[in-house]
Structures are given as C-alpha cells and as structure tokens.
Amino acid sequence: MAIRTVQSELEAKLKGVAGGRYTGASGKLERKSYADSSERLKVHVKGVDRAPNAIAVVLIDGSEVARIQLQKGRGKVDTESLTPGVIPKCAAGQLVQILVDAEVALEGELAPD
C-alpha cells in the first residue's frame, strides 16, 4: 500500500458510560481525510460482552455512521472510500456514541489527533 498524506484526522477515545452495564468497555473512532481525496473511518471497541453476533451501532451527534458485529465483547469496522463524501463528515467536539441493545454503552468526543 502506498503511503498517503493525511490532510485531516479526528479521533474519539471511547469509554464505558458511568453507571451503565459497560463501564469497563473502551474503544476508539478515527476519521481521516487524505490528500488524494480518499477518506477512512475506523472504529474498534472491546469489553462489550453481549451474545455472539450482537450488533453495536456507531452514532456521531445522533446520526448512524456504522454498525459493528461483536464477537467475544470485541468488534471493529474499517471503511475506506476513494470518493469524497461517502464517509460522513465530522468535526471536533462532536459526540460519538456506541449503542448496544438501544443503550449507550460507550461515548467520547471527537478531537484533532
């Protein structure tokens, strides 16, 4: 894979919601834009113990941007696009939440990396 120049990068460190079922859970969301106009969204979570093949929904400011299939409490999604606009736009300060069984399991705030 060729080395690409990163134009912008945002990251949210995700933590289990206090008082919830997943207080020990953690994860990270990264969104990158490259000089060649390609974009990437990468999310991983761990410590979300649910039934096999449970689905976690990734929200940014309340809008769904991805779904993650969980296996043994872990899951990840890595999406790339050569077409600008396919990966949702994000801004620093936006709230990232991971929903499991309609409950907010993890959350964090986007910030420049």
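Note: the structure precedes this text.
Residues numbered from 1 in each chain as written. Predicted model: local features only at pLDDT ≥ 70, side-chain atom pairs only at ≥ 80, totals over all residues. Heavy atoms only, no water.

(A) Highlighting the environment of Ile68. As for its position among the elements, Ile68 is in strand β5 (residues 63-69). Those residues in contact with Ile68 that lie beyond four places of it in its chain are Val43, Ala54, Ile55, Ala56, Val58, Gly75, Lys76 and Val77. (Helix = DSSP H or I, 4+ residues; strand = E, 2+ residues; numbered from the N terminus. Contact = heavy atoms within 4.5 Å.)

(B) Local environment of the pattern of salt bridges. Per the counting criterion, the structure on display carries 11 salt bridges. Between Glu103 and Arg21 there is a salt bridge; the shortest N-O distance is 2.8 Å. In this pair, Glu103 sits in strand β8 (residues 103-109) while Arg21 sits in the loop between β1 (6-16) and β2 (26-34), placing the two residues 82 residues apart along the sequence. For the salt bridge of Arg67 with Glu64, the shortest nitrogen-to-oxygen distance reads 2.8 Å. You can call Glu64 partly exposed: its relative accessible area is 44%. What you see here is one network of salt bridges that share partners, running through Arg4, Arg40, Asp78 and Glu80. (Salt bridge = Lys/Arg side-chain N within 4 Å of Asp/Glu carboxyl O. Buried < 20%, exposed > 50% of the residue type's maximum accessible area, 1.4 Å probe, protein only.)

(C) Inspection of the nonpolar core at higher detail. Core analysis: the largest hydrophobic core is formed by 27 residues, its most contacted members being Leu29 and Ile98. Breaking this core down by element, the ones donating at least two residues are β1, β3 (39-46), β4 (55-60), β5, β7 (95-100) and β8. Not counting chain neighbours up to four residues away, the residues in contact with Ile98 comprise Leu14, Val43, Val45, Ala56, Val57, Val58, Glu103, Val104, Ala105 and Leu106. (Core = buried A, V, L, I, M, F, W, Y, C linked by side-chain atoms within 4.5 Å.)

(D) Summary view of the packing of aromatic side chains. Counting across every chain of the model gives 0 aromatic pairs. Over the ring of Tyr34 we find Arg4; its NZ or CZ atom is 3.7 Å from the centre of that ring. (Phe/Tyr/Trp six-rings, centres within 6.5 Å; stacked < 30°, edge-to-face > 60°. Lys NZ or Arg CZ within 6 Å of the ring centre and 35° of its normal.)

(E) Molecular detail of the side chain of Arg31. Turning to its location among the elements, Arg31 is positioned in strand β2. Polar contacts involving the side chain of Arg31 include one to the main-chain carbonyl oxygen of Ile87, which spans 3.2 Å. One polar contact links the side chain of Arg31 to the main-chain carbonyl oxygen of Pro88, over a distance of 2.7 Å. When neighbours within four sequence positions are excluded, Arg31 is seen to be in contact with Ser8, Glu9, Leu10, Glu39, Arg40, Leu41, Ile87, Pro88, Lys89 and Cys90. (Polar contact = N/O pair within 3.5 Å; in protein donor to acceptor, adjacent residues only side chain to side chain.)

(F) Local environment of the pairing of β7. Counting buried positions over the 6 residues of β7 gives 5, a clear majority of the element. Where β4 lies against β7, 5 bridges are found, and the strand directions are antiparallel. From the neighbouring strand, Ala56 faces β7, where its bridge partner is Val100. When β7 meets β8, the two strands line up antiparallel, connected through 6 bridges. In the sheet register, Val96 faces β8, and the bridge partner there is Gly108. Between β7 and the antiparallel strand that follows it, β8, lie 2 residues; Asp101 among them carries a positive phi value of about 55°. (Pairing = 2+ DSSP bridges.)

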